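Descriptive analysis of the structure
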Amino acid sequence: MVLELHVWGPSFSLPSIDPQCLATIAYFSLLVPKDSWTLVASSDPTVSPTQELPALKNGSTWVSRFRNIVDYLRQYSNGEWDLDRDLSALEKADNAAFSSFVESRAQALVDLSLYVTSQNYYSTTSPAYGAILQWPNQWILPPQLHAAAKARTESLGLSSLDLEAVQEQQKRDHSADVAAGRIPQNFIRRPRETVSSLLGKTSQQHRFRLEALTGELFEPLEELLGDKTHMLSAKAPSTLDCLVIGYMSLALIPELPHSWLRDLMRRKAPRLSKYTERMRRELYGIVNVSEAFTNDGRSSLPWRAPERAQLATIGSTLLNTLADSIPILKDIRLNNRLRETAESEDSGLSEVESRTLAAYVGAQGKDTLLSIATVVGGVAALVGYMAHIGLFSAPEEEGEDDEIEHALPESVDASDFLGNIRVQS
């Protein structure tokens, strides 16, 4: 049976716009015979039950994430498709340690370069997604990925790369100054600034932070590579090589308006840069976006054109997007996905991590129930108050009003009323 590898589609002359997908493609290219697998640029996480890409399909079995796919291939082939089988014990330890190191450190820098840096995202990254996504995902997924990348890097303190965030903060500061009477409201209008000009005004602390982050990643990898042809051995590549190629390709290859990450990589790690360019050409070649959708057989990769989205899939996507935009419903859906991840055997989490995630989901579920109860109680109180003041009272019928008007005259003189009583008596 032919294995199907579903990935985010090609961009920047690379076979995918995602580093984990690039690492997985590199692993397949090194080990798996070309007639045993196909590469599908589905660019839709919903094709996988885990809602993640890369995702490997073998019949009815789905496996997602690079590490899980590598483990599955090792078991599926009885150890034949295992890049690390010839590593020594020390090399296996280095392979595990540096693989985790690359995934944690490099992802943040790729996020900062492709998504957080506003000029790069709006002029290059967002249009790249538009070229590989089908409607309506081309309008839905890029903003979600953009927001997720900003959230992942928020703790790094490098929001100065985000032009929108900087300009929004400037507007808030300006409004605060106007409200405090420190400057006139119609002061000199400043021209629209660019990321380059903003970076020029950024504090020394931010520039030092960016230098430190890149140095923490590039320098250890440069030292580990040394003069070898591969990261751990001069004989053959390992899974670490696949991860390094996947992440470093997105740092080095894309032509971006603000190429600070590529410039720092070339300056801090020249050997790593040459290694990345060489391995990228050997494993991927130069990829055009059209290759993933035409299936003309001329590519070195076994592309298979993705299926067109069906009407039911489009409707499901729109409904899911609508559901995720409703605050409380969004929290419920997120908790359900986290619970499934905690209970899944293929999540890649340790037992301790699964228990921790399950406890977190339980606490979040209680908070969500409390929010629902608060909203329901508030609505009930409002309805009760409106009923109490008579907003819900039914209007009286016209006949009853006439009877009341005839029975009770508008005004009655007191002496006439007493006179009538004496006459009757």
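Values in this document were obtained by computation on a predicted structure and should not be read as measured data. (Residues numbered from 1 in each chain as written. Predicted model: local features only at pLDDT ≥ 70, side-chain atom pairs only at ≥ 80, totals over all residues. Heavy atoms only, no water.)

**Focus on the packing of aromatic side chains**
Applied cut-off: Stacked, edge-to-face and tilted labels apply to pairs of Phe, Tyr and Trp rings (six-membered ring for Trp) whose centres lie within 6.5 Å, assigned for plane angles under 30 degrees, over 60, and everything in between, in that order. A run of H or I in DSSP counts as a helix once it spans at least four residues, and a run of E counts as a strand once it spans at least two, with each numbered from the N terminus. Summary of the burial criterion: residues with accessible area below 20% of their type's maximum are buried, those above 50% are exposed, and those between are partly exposed, where the area comes from a 1.4 Å probe applied to protein chains only.
Taken as a whole and judged by the stated rule, the model has 9 aromatic pairs. Seen from their ring centres, Tyr27 and Phe66 are 6.3 Å apart, and the 80° between their planes marks the pair as edge-to-face. Note that Tyr27 is positioned in helix H1 (residues 19-31) and Phe66 in helix H2 (residues 66-76), a separation of 39 residues in sequence. Taken individually, Tyr27 and Phe66 each receive the classification buried, so the pair is uniform in this respect. In textbook terms, an aromatic cluster arises when at least three aromatic residues are bridged by ring pairs, as seen for Trp8, Tyr115, Tyr121, Tyr122 and Tyr129.

**Some thoughts on empty space enclosed by the protein**
Operational definition: Buriedness for pockets is judged along seven lines, at least five of which must meet protein on both sides within 12 Å for an open set on the 1 Å grid over protein atoms alone, while cavities are sets there where a 1.4 Å probe fits but cannot get out, and lining residues have an atom within 4 Å of a point. Grid points are joined across faces, edges and corners, and a volume is the space filled by probe spheres set on the points. Residues were grouped as follows: Ala, Val, Leu, Ile, Met, Phe, Trp, Tyr, Cys and Pro as nonpolar; Asp, Glu, Lys and Arg as charged; and all remaining residues, including Gly, as polar.
For the coordinates displayed, the defined rule picks out 1 cavity of 30 Å³ or more. Its boundaries defined by the atoms lining it, the largest cavity holds a volume of some 50 Å³. Ser113, Leu250, Ala251, Pro254, Leu256, Ser259, Leu261 and Arg262 are the residues that line the largest cavity. Those elements giving two or more residues to the lining of the largest cavity turn out to be helix H9 (239-252) and helix H10 (260-268). Among the residues forming the lining of the largest cavity, the class breakdown is 5 nonpolar, 2 polar and 1 charged.

**Points about the confidence of the model for the chain**
Note the cut-off: A residue's pLDDT is the predictor's confidence in that residue, given on a scale from 0 to 100. The contact criterion used is simple: two residues touch if any of their non-hydrogen atoms lie within 4.5 Å.
Averaged over every residue, the pLDDT of the chain is 79; residues scoring 70 or more account for 68%. A low-confidence stretch, residues 185-193 stays under pLDDT 50, and its non-local contacts, those more than four residues away or across chains, total 8 contacts.

**Quick word on the pattern of salt bridges**
To keep things clear, this is the line we draw: We count a salt bridge whenever a side-chain nitrogen from Lys or Arg sits within 4 Å of a carboxyl oxygen from Asp or Glu.
Applying the stated criterion to the full structure yields 14 salt bridges. In this structure, the salt-bridge partner of Arg74 is Asp71, at a minimum N-O distance of 2.8 Å. On the criterion of helical spacing, the pair formed by Arg74 and Asp71 is a turn pair, its members being 3 residues apart in helix H2. You can call Asp71 partly exposed: its relative accessible area is 34%. As a salt-bridge pair, Glu277 and Arg281 come within 2.7 Å of each other at their nearest N and O atoms. Taken together, the residues span about one helical turn, with Glu277 and Arg281 both in helix H11 (residues 270-283) at a distance of 4 residues. Looking at Glu277, the relative accessible area reads 23%, which means it is partly exposed.

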